[in-house]
Amino acid sequence: MRNRSAPRSSAPRPPTAGSTCWSNNAGYGFLAAVEEGEDEEVRKLFDTNVFGLVDITRAVLPGMRARRAGHVVNVSSLGGLAAFGATGYYHATKFAVEGLSESLAAEAAPLGIGVTIVEPAAFRTNWSGPSMRQSPVRIDDYADTAGARRAATTATYGHQPGDPVRAAEAIVTTVEAGEPPLRLLLGKAAYDIASARLGMLKTSFDAWRDVTLSADYSVAETQ
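Thresholds, definitions, all that
Residues numbered from 1 in each chain as written. Predicted model: local features only at pLDDT ≥ 70, side-chain atom pairs only at ≥ 80, totals over all residues. Heavy atoms only, no water. Helix = DSSP H or I, 4+ residues; strand = E, 2+ residues; numbered from the N terminus. Expected span 1.5 Å × (residues − 1). Bend = angle between axes of the 7 residues up to and from the residue. Core = buried A, V, L, I, M, F, W, Y, C linked by side-chain atoms within 4.5 Å. Buried < 20%, exposed > 50% of the residue type's maximum accessible area, 1.4 Å probe, protein only.

1. A look at helix α1 (residues 39–67)
With 29 residues, α1 extends 41 Å between its outermost C-alpha atoms, agreeing within 8% with the 42 Å of an ideal straight helix rising 1.5 Å per residue. Of all the bends in α1, the largest measures some 40° and sits at D47. Residue R68 follows α1 closely and has a positive phi angle near 55°.

What follows is the structure, given as C-alpha coordinates:
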(Lines give C-alpha, C1' and ligand atoms only; values in the text may rest on other atoms or scores of the structure.)
Protein backbone atom coordinates (compact mmCIF):
# COMPACT_ATOMS: atom_id res chain seq x y z
CA MET A 1 0.00 0.00 0.00
CA ARG A 2 1.21 3.49 -0.84
CA ASN A 3 2.91 5.35 1.99
CA ARG A 4 0.88 8.53 2.27
CA SER A 5 3.31 9.99 4.80
CA ALA A 6 6.17 9.93 2.29
CA PRO A 7 7.32 13.33 1.02
CA ARG A 8 6.17 14.40 -2.42
CA SER A 9 9.72 14.13 -3.75
CA SER A 10 9.49 10.37 -3.29
CA ALA A 11 6.98 10.10 -6.16
CA PRO A 12 8.27 7.69 -8.79
CA ARG A 13 10.36 9.27 -11.52
CA PRO A 14 9.83 7.33 -14.74
CA PRO A 15 12.97 6.87 -16.85
CA THR A 16 11.14 8.48 -19.78
CA ALA A 17 10.10 11.60 -17.86
CA GLY A 18 11.32 13.64 -20.83
CA SER A 19 8.79 12.03 -23.15
CA THR A 20 6.50 14.22 -25.20
CA CYS A 21 3.64 11.77 -24.65
CA TRP A 22 2.89 9.71 -21.56
CA SER A 23 0.21 7.06 -21.06
CA ASN A 24 -1.10 6.00 -17.65
CA ASN A 25 -2.58 2.54 -18.03
CA ALA A 26 -1.99 0.80 -14.68
CA GLY A 27 -5.12 -0.48 -13.01
CA TYR A 28 -7.22 -3.52 -12.13
CA GLY A 29 -10.80 -4.41 -11.28
CA PHE A 30 -12.44 -5.30 -8.00
CA LEU A 31 -15.76 -7.10 -7.60
CA ALA A 32 -17.94 -6.52 -4.55
CA ALA A 33 -21.22 -4.94 -3.61
CA VAL A 34 -20.54 -1.61 -1.91
CA GLU A 35 -21.41 -3.09 1.48
CA GLU A 36 -19.13 -6.05 0.82
CA GLY A 37 -16.01 -3.97 0.17
CA GLU A 38 -13.13 -4.48 2.61
CA ASP A 39 -11.29 -1.35 3.67
CA GLU A 40 -7.77 -2.63 2.98
CA GLU A 41 -8.60 -3.95 -0.49
CA VAL A 42 -10.48 -0.80 -1.44
CA ARG A 43 -7.54 1.37 -0.41
CA LYS A 44 -5.14 -0.80 -2.43
CA LEU A 45 -7.41 -0.35 -5.43
CA PHE A 46 -7.33 3.43 -5.08
CA ASP A 47 -3.57 3.38 -4.53
CA THR A 48 -3.06 1.71 -7.90
CA ASN A 49 -5.88 3.11 -10.02
CA VAL A 50 -5.81 6.70 -8.73
CA PHE A 51 -2.79 7.62 -6.63
CA GLY A 52 -0.34 5.73 -8.84
CA LEU A 53 -1.65 7.68 -11.83
CA VAL A 54 -1.41 10.93 -9.86
CA ASP A 55 2.20 10.29 -8.83
CA ILE A 56 3.35 9.47 -12.35
CA THR A 57 1.45 12.38 -13.89
CA ARG A 58 3.05 14.85 -11.48
CA ALA A 59 6.44 13.36 -12.31
CA VAL A 60 6.15 13.91 -16.08
CA LEU A 61 4.48 17.32 -16.04
CA PRO A 62 7.56 19.44 -15.16
CA GLY A 63 9.40 18.32 -18.30
CA MET A 64 6.35 18.95 -20.45
CA ARG A 65 5.91 22.40 -18.94
CA ALA A 66 9.55 23.24 -19.60
CA ARG A 67 9.16 22.31 -23.26
CA ARG A 68 5.66 23.80 -23.53
CA ALA A 69 4.67 20.58 -25.28
CA GLY A 70 3.33 17.18 -24.34
CA HIS A 71 0.31 14.95 -24.15
CA VAL A 72 -0.98 12.89 -21.23
CA VAL A 73 -3.16 9.86 -22.01
CA ASN A 74 -5.06 8.61 -18.98
CA VAL A 75 -6.77 5.27 -19.48
CA SER A 76 -10.09 5.37 -17.69
CA SER A 77 -12.95 3.08 -18.69
CA LEU A 78 -16.50 3.09 -19.91
CA GLY A 79 -16.92 2.55 -16.17
CA GLY A 80 -15.75 6.13 -15.68
CA LEU A 81 -18.94 7.32 -17.39
CA ALA A 82 -21.53 4.75 -16.29
CA ALA A 83 -21.72 2.51 -13.23
CA PHE A 84 -23.08 -0.97 -12.66
CA GLY A 85 -23.57 -3.32 -9.73
CA ALA A 86 -20.59 -5.18 -8.21
CA THR A 87 -17.98 -2.74 -9.53
CA GLY A 88 -18.81 0.34 -7.49
CA TYR A 89 -15.32 0.78 -6.07
CA TYR A 90 -13.74 0.33 -9.50
CA HIS A 91 -16.12 2.93 -10.89
CA ALA A 92 -15.19 5.27 -8.07
CA THR A 93 -11.52 5.10 -9.08
CA LYS A 94 -12.33 5.72 -12.74
CA PHE A 95 -14.70 8.59 -11.99
CA ALA A 96 -11.79 10.08 -10.02
CA VAL A 97 -9.50 9.69 -13.05
CA GLU A 98 -12.09 11.41 -15.23
CA GLY A 99 -12.46 14.42 -12.95
CA LEU A 100 -8.73 14.76 -12.37
CA SER A 101 -8.03 14.55 -16.09
CA GLU A 102 -10.63 17.19 -16.95
CA SER A 103 -9.08 19.58 -14.45
CA LEU A 104 -5.58 18.85 -15.75
CA ALA A 105 -6.75 19.51 -19.31
CA ALA A 106 -8.02 22.96 -18.31
CA GLU A 107 -4.84 23.79 -16.40
CA ALA A 108 -2.32 22.46 -18.91
CA ALA A 109 -3.81 23.51 -22.26
CA PRO A 110 -2.33 27.04 -22.11
CA LEU A 111 1.08 25.42 -21.55
CA GLY A 112 0.90 23.38 -24.74
CA ILE A 113 0.03 20.15 -22.93
CA GLY A 114 -2.91 18.06 -24.08
CA VAL A 115 -4.91 15.45 -22.18
CA THR A 116 -6.96 12.57 -23.54
CA ILE A 117 -9.11 10.27 -21.42
CA VAL A 118 -9.45 6.82 -22.98
CA GLU A 119 -12.70 5.02 -22.16
CA PRO A 120 -12.66 1.41 -23.38
CA ALA A 121 -15.44 -1.09 -23.03
CA ALA A 122 -14.61 -4.80 -22.64
CA PHE A 123 -11.28 -5.67 -24.28
CA ARG A 124 -9.55 -9.03 -24.37
CA THR A 125 -7.14 -8.37 -21.52
CA ASN A 126 -6.73 -9.90 -18.06
CA TRP A 127 -9.13 -7.38 -16.50
CA SER A 128 -11.98 -9.84 -16.01
CA GLY A 129 -9.63 -12.78 -15.54
CA PRO A 130 -6.32 -13.22 -13.67
CA SER A 131 -5.98 -9.57 -12.61
CA MET A 132 -9.52 -9.28 -11.25
CA ARG A 133 -9.87 -9.23 -7.48
CA GLN A 134 -12.99 -10.04 -5.52
CA SER A 135 -14.14 -9.55 -1.98
CA PRO A 136 -14.59 -12.86 -0.14
CA VAL A 137 -17.57 -11.27 1.61
CA ARG A 138 -20.90 -12.37 0.14
CA ILE A 139 -24.17 -10.94 1.44
CA ASP A 140 -27.19 -12.95 0.36
CA ASP A 141 -29.39 -9.90 -0.12
CA TYR A 142 -27.15 -8.84 -3.02
CA ALA A 143 -27.05 -12.25 -4.71
CA ASP A 144 -29.40 -11.22 -7.53
CA THR A 145 -27.65 -7.91 -8.20
CA ALA A 146 -23.96 -7.67 -7.36
CA GLY A 147 -23.62 -11.44 -7.03
CA ALA A 148 -25.09 -12.09 -10.46
CA ARG A 149 -22.91 -9.44 -12.04
CA ARG A 150 -19.79 -10.88 -10.42
CA ALA A 151 -20.46 -14.13 -12.25
CA ALA A 152 -21.36 -12.39 -15.51
CA THR A 153 -18.21 -10.29 -15.43
CA THR A 154 -15.77 -13.13 -14.88
CA ALA A 155 -17.57 -15.20 -17.54
CA THR A 156 -16.54 -12.65 -20.18
CA TYR A 157 -12.85 -13.48 -19.79
CA GLY A 158 -11.39 -14.58 -23.11
CA HIS A 159 -14.54 -13.60 -25.01
CA GLN A 160 -14.40 -9.81 -24.84
CA PRO A 161 -15.09 -8.18 -28.23
CA GLY A 162 -12.38 -5.52 -27.98
CA ASP A 163 -8.95 -6.09 -29.56
CA PRO A 164 -6.12 -4.54 -27.48
CA VAL A 165 -3.89 -4.14 -30.56
CA ARG A 166 -6.56 -2.21 -32.45
CA ALA A 167 -7.19 -0.16 -29.31
CA ALA A 168 -3.52 0.81 -29.10
CA GLU A 169 -3.53 1.77 -32.75
CA ALA A 170 -6.63 3.91 -32.23
CA ILE A 171 -4.97 5.71 -29.31
CA VAL A 172 -1.84 6.46 -31.35
CA THR A 173 -3.94 7.72 -34.25
CA THR A 174 -5.89 9.97 -31.89
CA VAL A 175 -2.86 11.45 -30.14
CA GLU A 176 -1.20 12.15 -33.48
CA ALA A 177 -4.28 13.97 -34.78
CA GLY A 178 -4.19 17.72 -35.15
CA GLU A 179 -6.62 18.29 -32.28
CA PRO A 180 -6.94 15.18 -30.08
CA PRO A 181 -10.22 14.98 -28.15
CA LEU A 182 -10.52 15.15 -24.39
CA ARG A 183 -12.36 11.82 -24.46
CA LEU A 184 -11.92 8.76 -26.66
CA LEU A 185 -14.43 5.92 -26.43
CA LEU A 186 -13.15 2.53 -27.59
CA GLY A 187 -15.43 -0.24 -28.76
CA LYS A 188 -19.04 -0.36 -29.99
CA ALA A 189 -20.37 -1.13 -26.51
CA ALA A 190 -18.62 1.95 -25.16
CA TYR A 191 -20.19 4.13 -27.83
CA ASP A 192 -23.68 2.65 -27.40
CA ILE A 193 -23.72 2.67 -23.60
CA ALA A 194 -22.19 6.15 -23.29
CA SER A 195 -24.67 7.54 -25.82
CA ALA A 196 -27.59 5.97 -23.95
CA ARG A 197 -26.20 7.38 -20.72
CA LEU A 198 -26.22 10.88 -22.18
CA GLY A 199 -29.85 10.46 -23.17
CA MET A 200 -30.82 9.18 -19.72
CA LEU A 201 -29.09 12.09 -18.02
CA LYS A 202 -30.86 14.66 -20.19
CA THR A 203 -34.23 13.00 -19.63
CA SER A 204 -33.69 13.07 -15.88
CA PHE A 205 -32.41 16.66 -15.89
CA ASP A 206 -35.39 17.85 -17.94
CA ALA A 207 -37.90 15.98 -15.76
CA TRP A 208 -36.61 17.69 -12.63
CA ARG A 209 -35.82 21.07 -14.23
CA ASP A 210 -38.37 23.03 -12.17
CA VAL A 211 -37.10 21.64 -8.88
CA THR A 212 -33.51 22.27 -9.96
CA LEU A 213 -34.16 25.92 -10.84
CA SER A 214 -36.16 26.50 -7.65
CA ALA A 215 -32.96 26.29 -5.58
CA ASP A 216 -31.66 29.69 -6.80
CA TYR A 217 -32.56 33.11 -5.46
CA SER A 218 -35.23 34.72 -7.60
CA VAL A 219 -34.33 37.63 -9.87
CA ALA A 220 -36.20 40.00 -7.57
CA GLU A 221 -34.24 38.77 -4.55
CA THR A 222 -30.89 39.45 -6.25
CA GLN A 223 -31.68 43.06 -7.17
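That shown, we press on.
2. Describing unusual backbone geometry
Positive phi outside glycine occurs at R68, with the angle close to 55°. Tracing the sequence through the fold places R68 in the loop between α1 and β3 (70–75). Non-glycine residue A86 carries a positive phi angle of around 80°. Tracing the chain through its elements places A86 in the loop between β3 and α2 (88–108).

3. A short note on the nonpolar core
Core analysis: the largest hydrophobic core is formed by 11 residues, namely W22, I56, V60, L61, M64, V72, L104, A105, A108, I113 and V115. Within the residue set of this core, elements represented by two or more residues are α1, α2 and β4 (113–120). Take this core: its biggest share by element is four residues, from α1. Within the second largest apolar cluster, eight residues are counted, among which are V118, F123, L184 and L186.

Interpretation in functional terms is not warranted from these geometric data alone.
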